[in-house]
Amino acid sequence: MSTDNFDAIAAEFGRTGPASPTNARGTPAAMDKAELASRLRAWRIRDHGRVADLAHAAQPLTAAQRNSLATIAKNSQALIRYESPTDGFFPLLVKGPEPSPLLGFLIDTVPPAANGNERAVASTKFRHAPYDTVMVLAERYDGRWRIVSLGATVDH
């Protein structure tokens, strides 16, 4: 939420290797760095309806789709910007017996990957797309957390 350099974010946190069109048990497909940068870009576009089909695509984006997102994002008004990065998140509540603080995102561990690597999922909602829950699946590779997929569900 604080940078427009999606390629740098993907280089820092993406995983090495090609995108995978299928994945076990209905989890989102693993993505390469180019796919991750495009998906992050899609979720920052102010007019979410304009790119919702791309943001929610189950398969890796084509080169033409990635180029379309990059072209849209070149317009200085196309990307949503918030005064503070935390202002971009719709507040979430943790359900439980105790009162919950308002949180910008929730993180939970999930079962390890088939290769034994630890995994965790972060869930969030953006203020400019409040009917979508975005989920980021990360896996620990060589001691570092890497984003392996990014998916979303529509809540309405």
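Residues numbered from 1 in each chain as written. Predicted model: local features only at pLDDT ≥ 70, side-chain atom pairs only at ≥ 80, totals over all residues. Heavy atoms only, no water.

A.B. asks: Can you lay out the overall build of the protein for me, pointing to particular residues and giving the numbers?
C.D. replies: Within the protein, the secondary structure is distributed over 4 helices and 4 strands. Each helix and strand of the protein, placed in order from N terminus to C terminus, yields the pattern α-α-α-α-β-β-β-β. Computed over C-alpha atoms, the radius of gyration of the protein comes to 16 Å, within 12% of the 15 Å expected from 2.2 N^0.38 for 156 residues, which places it in the range of a compact globule. Across its three principal directions, the C-alpha atoms of the protein cover 40 × 40 × 30 Å. (Helix = DSSP H or I, 4+ residues; strand = E, 2+ residues; numbered from the N terminus. Rg over C-alpha atoms; globule rule 2.2 N^0.38 Å.)

A.B. asks: Which residues make up the nonpolar core, and what values go with them?
C.D. replies: The biggest cluster of nonpolar side chains holds 24 residues, and the ones touching the most others in it are L36, W43, I45, L69 and L150. With 5 residues, the top contributor of residues to this core is helix 2 (residues 33–44). Those residues in contact with I45 that lie beyond four places of it in its chain are V51, L69, I72, A78, L79 and H128. (Core = buried A, V, L, I, M, F, W, Y, C linked by side-chain atoms within 4.5 Å. Buried < 20%, exposed > 50% of the residue type's maximum accessible area, 1.4 Å probe, protein only. Contact = heavy atoms within 4.5 Å.)

A.B. asks: Could you give me a rundown of the pattern of salt bridges, with the residues and numbers involved?
C.D. replies: In total, this model carries 7 salt bridges according to the counting rule given. The shortest N-O distance in the salt bridge between R140 and E118 comes to 2.8 Å. One end of the pair, R140, is in strand 3 (residues 129–141); the other, E118, is in the loop between strand 1 (105–110) and strand 2 (119–126), and 22 residues separate them in sequence. In this structure R140 comes out as partly exposed when scored by relative accessible area, which is 28%. Looking at E118, the relative accessible area reads 46%, which means it is partly exposed. One salt bridge in this structure joins D155 and K125, with 2.4 Å as the shortest N-O distance. Highlighted residues: D155 in the segment after strand 4 (144–154) and K125 in strand 2, separated in sequence by 30 residues. D155 sits in the partly exposed class, given a relative accessible area of 40%. (Salt bridge = Lys/Arg side-chain N within 4 Å of Asp/Glu carboxyl O.)

A.B. asks: Provide a residue-level description of the layout of surface pockets, including the pertinent values.
C.D. replies: When its volume is computed, the largest pocket comes out at roughly 800 Å³. Contributing to the lining of the largest pocket are 24 residues, with L40, F89, A122, V136 and I147 lying nearest its centre. Sorting the residues of the lining of the largest pocket by element identifies helix 1 (6–13), helix 2, strand 1, strand 2, strand 3 and strand 4 as the ones contributing at least two each. Per element, the largest residue contribution to the lining of the largest pocket is 5 residues, and it comes from strand 2. Residue classes in the lining of the largest pocket are distributed as 19 nonpolar, 3 polar and 2 charged. (1 Å grid on protein atoms, 1.4 Å probe; cavity = no way out; pocket = protein on both sides within 12 Å on 5 of 7 lines; lining within 4 Å. Points joined across faces, edges and corners; volume = space filled by probe spheres on them. Nonpolar A, V, L, I, M, F, W, Y, C, P; charged D, E, K, R; others polar.)

A.B. asks: An account of the confidence of the model for the protein is needed here, citing residue identities and associated values.
C.D. replies: Counting all residues, the mean pLDDT for the protein is 89, and 91% of those residues have values of 70 or more. In this model, residues 19–24 is a region of pLDDT below 50 whose contacts with residues beyond four sequence positions or in other chains number 13 contacts. (pLDDT = per-residue confidence, 0-100.)

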